[in-house]
Amino acid sequence: MSKRTLTGIPLIPIRDVVVFPQTMFPFIVGRPSSIEALNEALKGDRQLFLATQKDPTLDDPEPDQIYEHGTLTMVIQNLQLPEGNIKVLVEGLRRGKIQRVDKVGEHYLVDVEVYEEDSIAEEEAEKLRDGLMKIFEEYVKYNPGFNLEAALRTLKHSEMGKIADNIGHNLPVGIQEKQELLETLDPVERLNKITQIVRFEIEKVKIDRSLQGQVREQMEKAQRDYYLHEKIKAIKKELGEDQTASELEELRQKVEDSGMPPDAKEKALKEVQRLELMPAMSAETTVSRNYLDWLLSLPWKKKSRENRNLRRAERILEEDHYGLEKIKDRILEFLAVRQFSRKTHGTILCFVGPPGVGKTSIGRSIARATGRQFIRMSLGGVRDEAEIRGHRRTYIGAFPGQIIQLVKKAGTRNPVFMLDEVDKMSVDFRGDPSAALLEVLDPEQNSHYVDHFIDTEFDLSQVMFIGTANTLHAIPRPLMDRMEVLEFTGYTEREKLEIAKRYLLPKQRENAGLKEKLIRLTDESVISIIRYYTRESGVRNLEREIGKVCRKVVRKVLVSGKRSKHTITPENIAEYLGPIKFHGQQTEEKNEIGMATGMAWTEVGGEVLFTEATKMPGSGKLTLTGKLGDIMKESAHAALSYVRSRAEFFNIDPDFSQKMDIHVHVPEGAIPKDGPSAGITIATSIVSVTTGIPVRRDVAMTGEITLRGKVLPIGGVKEKVLAAHRVGLQHVILPFENKKDLEDIPVEVRESLALHFVKTMDEVLAIALESLPAAMKSLAQNISATLEGKVDEGRVTY
């Protein structure tokens, strides 16, 4: 192949096309630089060098933005157009490569190295023609638009280079492939590349045809569906239902954006599809739309940002509640675990305690401390399972259960959910709501909770459930097994004083509109209210009494017109609250025969229970009054049997059971009483009445008795000891095995009481009776010092 260099040839960059030698190419010149280059060519030998620019979007490409290889052309015709452009027809002469570029004015002049192609042997040329002819004959079968006759005429040309350039010029391929063909100088290699390109196009057409049938079927179905949908739209538009279609489209988009799990999303989309086919005025339409609204309103993915700052949470809990240390520790432990592991299941707690001790209010504080929403559901009197799990959609007026309704109200997946009064649920023919709660309160199951109305799984595992109850025995065992029980006990006098000063007085003062400078409630006056106007484990009645004082002060201020401070003291408290409701700390002024002081646990806390016994001539009959339960009656019979078996030891006539009747009465006869813990109290009163020895009035006792005189452990120790402390008793007798409950009793209470832990009834009598029979005096020597007031450290004896 020979080559030579031409200098000073005007350059015109062209876009989106490659010009080959031996071809005619028309184009329009419009850029100023290109017009200037054309004019320069027309002044001389009419030769132009055309090279394709790499980026067709550039109006003034630089030399490095133009391909080096191009085509030397001759301008055949040029025509000036009205808008200033020039239409040009050129003929490709030879390939060339730019060697040098000079800018003259706005256009470029280039030195070009042009190439003269060598001829090919006839035998090789014929072989290449036959191969190309067969390929084109196959190609035309798959591409009917291809001009086979023109291709065959081209193949008859003697010069193979010209054949390759003509075919390359007409091939339906991209600029990059054509540029590669232009830059291929060897005609044989160029023809081989063309053969590869044509074969590739044939294979592509084959693939296109194989897919065409499938695409056609899909297109026909899509067109048919489109036609039917358009027809339905037109009909609906005529009926005035066009707005419904846009609403359905909006519903679909809301379902996609709601974050539902796949199962719920599938149900929702099917419901939208059903809704689309229903008449707008149909009753079923309302049911479907209501169902969709509920699905879309649930917080499938929205969560409250949880506060895991332990210091802040502790500060909030301390601000809102005084005492309750175990509860606060448990909440802080929960937050500490959340800092270490975010995969923990929702916590399920159960607060058990008497009314008014802050079970519900601390739930709100927990929500505030953790940064969650707070919702509350009262279960008192709930007897229908559908209240929990909802009604099925087949029922008219069906709704989801309260669990789903309140989670929707909270607006987040992880609220603090308080189930108030869990022990007050009932059962009837409509089902057992406590059984429905089993799934809700099971950490292993509630991540897949299914409400009857929603009919798809909803994740409750992030919810922090808190149940409240006054008693444990009313909660079904399987339900209680799913909850972590935290017991709330009654407040001590000191705790009530602090609660009144910190929370109750400011709240009631604000409710009454009183400023702080108008009322002063001394600590002594608050203690008087606690002792003489309330008798409770909680602080509700205390709050009411303080509110009454504040209202009285407001009235006095308005009547007198004087805005001076009113100081409430123990001396003038009766002016505001009336006569004392609960008298004195000691019920009896002296030790009495047959009168023993016991302690009882109730739903509202501990109470002091007085037991009376008297004897009379008779035939050994035991009479029990005071609305006693079966267990308590059995304890009385066990106590009497114990006394009869020890009659000689107590210096009692062995035949007393045949000569006299004994009557045991527990006052406040309108109130039901039951349980085994009054056993030692009844036994003490019977011993006292049969021996004639008074019982100490400053001693309270509780414990179950056996026929052999053993004292068995009981429950509710803290509540009972607090009750004894409230009424001012000095000594408390407890079963020895209840020594483990000592740490639950507040320190100030332990320090003000002498706690005696006993194993046998003999020890009880040695402490409780004013004097002892001769046979028991040796047993009492170790205890008499305590009874005289010489109490060991901590005021505890064993």
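Residues numbered from 1 in each chain as written. Predicted model: local features only at pLDDT ≥ 70, side-chain atom pairs only at ≥ 80, totals over all residues. Heavy atoms only, no water.

Notes on a positive patch on the surface
Here comes step 1: Taken together, Arg-708, Lys-710, Lys-739 and Lys-759 make up a surface patch of like positive charges.
Here comes step 2: By secondary structure assignment, the location of Lys-710 is in the loop between strand 21 (704-705) and strand 22 (711-712). (Patch = residues over 30% accessible without salt bridge, like charges linked within 9 Å, V, L, I, M, F, W, Y side chains within 5 Å. Areas by Shrake-Rupley, 256 points an atom, 1.4 Å probe, with all protein chains shown as cover. Salt bridge = Lys/Arg side-chain N within 4 Å of Asp/Glu carboxyl O. Lys, Arg positive; Asp, Glu negative; His and termini not counted. Charge placed at Lys NZ, Arg CZ, Asp CG, Glu CD. Helix = DSSP H or I, 4+ residues; strand = E, 2+ residues; numbered from the N terminus.)

Regarding the packing of aromatic side chains
Geometry of an aromatic ring pair is reported as the spacing of the ring centres plus the angle between the planes.
Here comes step 1: Applying the stated criterion to the full structure yields eight aromatic pairs.
Here comes step 2: Feature note: the residues Tyr-642, Phe-649 and Phe-650 constitute an aromatic cluster, connected by ring pairs.
Here comes step 3: Sitting over the ring of Tyr-291, Arg-393 keeps its end group 3.7 Å from the ring centre. (Phe/Tyr/Trp six-rings, centres within 6.5 Å; stacked < 30°, edge-to-face > 60°. Lys NZ or Arg CZ within 6 Å of the ring centre and 35° of its normal.)

What to know about the packing of helix 21 (residues 630-645) against helix 23 (residues 679-691)
Here comes step 1: The geometry of helix 21 relative to helix 23 is characterised by a closest axis approach of 8 Å and an angle of 45° between their N-to-C directions. Viewed along their axes, helix 21 and helix 23 adopt a mutual orientation that is oblique. By crossing handedness, the relation of helix 21 to helix 23 is classed as right-handed. Together, Met-632, Ser-635, Ala-636, Ala-639, Leu-640 and Val-643 of helix 21 and Gly-679, Ile-682, Ala-683, Ile-686, Val-687 and Thr-690 of helix 23 make up the contact between the two elements.
Here comes step 2: Counted by class, the contact of helix 21 with helix 23 contains nine nonpolar, three polar and no charged residues. (Axes fitted to C-alpha atoms, helices over the stretch in contact; angles between N-to-C directions. Parallel < 35°, antiparallel > 145°, perpendicular 65-115°, else oblique. Left-handed = near helix turned anticlockwise from the far one by under 90°. Contact = heavy atoms within 4.5 Å. Nonpolar A, V, L, I, M, F, W, Y, C, P; charged D, E, K, R; others polar.)

Section: helix 4 (residues 160-170)
Here comes step 1: With respect to burial, helix 4 is a largely interior element, eight of its eleven residues being buried.
Here comes step 2: Regarding helix 4, the residues found buried are Met-160, Gly-161, Ile-163, Ala-164, Asp-165, Asn-166, Ile-167 and Gly-168. (Buried < 20%, exposed > 50% of the residue type's maximum accessible area, 1.4 Å probe, protein only.)

Some thoughts on helix 11 (residues 325-340)
Here comes step 1: Its 16 residues place the ends of helix 11 23 Å apart at the C-alpha level, agreeing with the 22 Å of an ideal helix rising 1.5 Å per residue.
Here comes step 2: Looking only at helix 11, the buried set comprises Ile-327, Lys-328, Arg-330, Ile-331, Leu-332, Phe-334, Leu-335 and Arg-338.
Here comes step 3: Those residues of helix 11 that are buried lie in contact with helix 10 (310-320), strand 7 (348-352), helix 12 (359-370), strand 12 (464-469) and strand 13 (484-487). (Expected span 1.5 Å × (residues − 1).)

Things to note about the nonpolar core
Here comes step 1: Ranked by internal contacts, the top residues of the largest apolar core, which has 51 residues, are Phe-351, Leu-542, Ile-546, Val-549, Val-553 and Ile-568.
Here comes step 2: Once residues within four sequence positions are removed from consideration, Ile-546 is found in contact with Ala-500, Leu-504, Leu-505, Gln-508 and Leu-521.
Here comes step 3: By size, the runner-up hydrophobic cluster in this structure holds 49 residues, among which are Trp-294, Leu-379, Val-422 and Met-425. (Core = buried A, V, L, I, M, F, W, Y, C linked by side-chain atoms within 4.5 Å.)

Some points on the environment of Trp-300
Here comes step 1: Within the element layout of this structure, Trp-300 appears in the loop between helix 9 (283-297) and helix 10.
Here comes step 2: A sequence separation of 42 residues divides Trp-300 from Ser-258, and the C-alpha atoms of the two residues are 6.9 Å apart.
Here comes step 3: When sequence neighbours within four positions are dropped, the list of residues in contact with Trp-300 reads Ser-258, Gly-259, Met-260, Pro-261, Ala-264, Leu-295, Arg-413, Thr-456, Glu-457 and Phe-458.

Re the sheet that holds strand 13
Here comes step 1: On the basis of which strands lie adjacent, the open sheet formed by five strands has the order 8-9-12-7-13 and parallel pairing. Sheet topology places strand 8 (374-378) and strand 13 at the edges, where each strand pairs with a single neighbour. Averaged over neighbouring strand pairs, the angle between their axes works out to 20° when direction is ignored.
Here comes step 2: Taken together, the four bridges between strand 7 and strand 13 define a ladder with parallel strand orientation. Considered in strand 13, the bridge of Phe-351 is made with Leu-486.
Here comes step 3: Helix-sheet contacts for helix 12 involve strand 7, strand 8, strand 9 (416-420) and strand 12, and the interaxial angle to strand 9 is about 175°. (Pairing = 2+ DSSP bridges.)

Some thoughts on the pattern of salt bridges
Here comes step 1: This model, assessed by the stated rule, comprises 31 salt bridges.
Here comes step 2: A single network of salt bridges, built from pairs that share partners, joins Arg-315, Glu-319, Asp-320 and Arg-368.

Concerning the packing of helix 10 against helix 11
Here comes step 1: The geometry of helix 10 relative to helix 11 is characterised by a closest axis approach of 10 Å and an angle of 160° between their N-to-C directions. Viewed along their axes, helix 10 and helix 11 adopt a mutual orientation that is roughly antiparallel. At the point where helix 10 passes helix 11, the crossing takes the right-handed sense. Residues Leu-310, Ala-313, Glu-314, Leu-317 and Glu-318 of helix 10 touch helix 11, and the partners they reach there are Glu-325, Lys-328, Ile-331, Leu-332, Leu-335, Ala-336 and Gln-339.
Here comes step 2: Class assignment of the residues belonging to the contact of helix 10 with helix 11 gives a composition of seven nonpolar, one polar and four charged.

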